[in-house]
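Summary of structural features
The chain contents come next:
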Amino acid sequence: MCGNLGLLLVGDEIKQPHEALHAMAQVVSMRGAQSYGFVASTGGKMLVHKAVLPKRADIASRLARAFRRRVDVRKRPLLVSAHLRFATSSRSLSREAHPHSWLGA
């Protein structure tokens, strides 16, 4: 099972994108709470981040914190896609915590 979410900002609609991602991740975290990966594209640059979490970690807070630390949210357009994973066929591994490849990451 997996949870997926995305965010596209072209103006200043959302002042704190990490808060929006946190809220969305809370909703979909029941579909995947062991690991996550996100890709963020802004200003012509693409950043990929992956993480495997310890048991009972708050995946929404971890994802939002990693995003806030790594992504320059002042640049637009900003495109973010995240994949929250619950391992069903293997143990939770970083390589499985991928943002989906259709974004070119």
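Going by the structure above, here's the rest.
Described in the following lines is the structure provided in the data block. (Residues numbered from 1 in each chain as written. Predicted model: local features only at pLDDT ≥ 70, side-chain atom pairs only at ≥ 80, totals over all residues. Heavy atoms only, no water.)

What follows concerns the pairing of strand β3 (residues 45-52). Taken residue by residue, a regular strand's side chains alternate between the two faces of the sheet. Two elements, strand β2 (residues 35-42) and β3, share eight bridges in a ladder whose sense is antiparallel. Counterpart to Phe38 in the pairing with β3 is His49. In this antiparallel pair of consecutive strands, β2 and β3, the connection spans two residues, and Gly43 shows a positive phi of 60°. (Pairing = 2+ DSSP bridges. Helix = DSSP H or I, 4+ residues; strand = E, 2+ residues; numbered from the N terminus.)

On to the packing of helix α1 (residues 17-28) against helix α2 (residues 59-70), then. It is the contact of α1 with α2, at a shortest axis distance of 8 Å, that shows an interaxial angle of 155°. Judged on the interaxial angle alone, α2 and α1 are roughly antiparallel. In this structure, α1 meets α2 at a crossing whose hand is right-handed. Here Pro17, His18, Leu21, His22, Ala25 and Gln26 of α1 come into contact with α2, specifically with Ala60, Ser61, Leu63, Ala64, Phe67 and Arg68. (Axes fitted to C-alpha atoms, helices over the stretch in contact; angles between N-to-C directions. Parallel < 35°, antiparallel > 145°, perpendicular 65-115°, else oblique. Left-handed = near helix turned anticlockwise from the far one by under 90°. Contact = heavy atoms within 4.5 Å.)

On to the side chain of His49, then. The residue His49 is located in strand β3 in this model. On the accessibility criterion, His49 (13% relative accessible area) is buried. A distance of 3.3 Å separates a polar atom in the side chain of His49 from a polar atom in the side chain of Tyr36. When residues no more than four places from it in sequence are discounted, the contact partners of His49 are Tyr36, Gly37, Phe38, Ala66 and Arg70. (Buried < 20%, exposed > 50% of the residue type's maximum accessible area, 1.4 Å probe, protein only. Polar contact = N/O pair within 3.5 Å; in protein donor to acceptor, adjacent residues only side chain to side chain.)

We now examine unusual backbone geometry. In this structure, the amide linkage connecting Arg76 to the following residue, Pro77, adopts the cis form with an omega of 0°. Topologically, Pro77 is positioned in the loop between α2 and β4 (78-85).

The antiparallel open sheet is built from four strands, whose spatial order is β1-β4-β2-β3. Strand pairing shows two members of the sheet lacking a second neighbour, β1 (2-9) and β3, which therefore form its edges. Between one strand axis and the next, the sheet turns by 10° as a mean value, whatever way the strands run. Bridge analysis of β1 against β4 gives eight bridges, and the strand direction is antiparallel.

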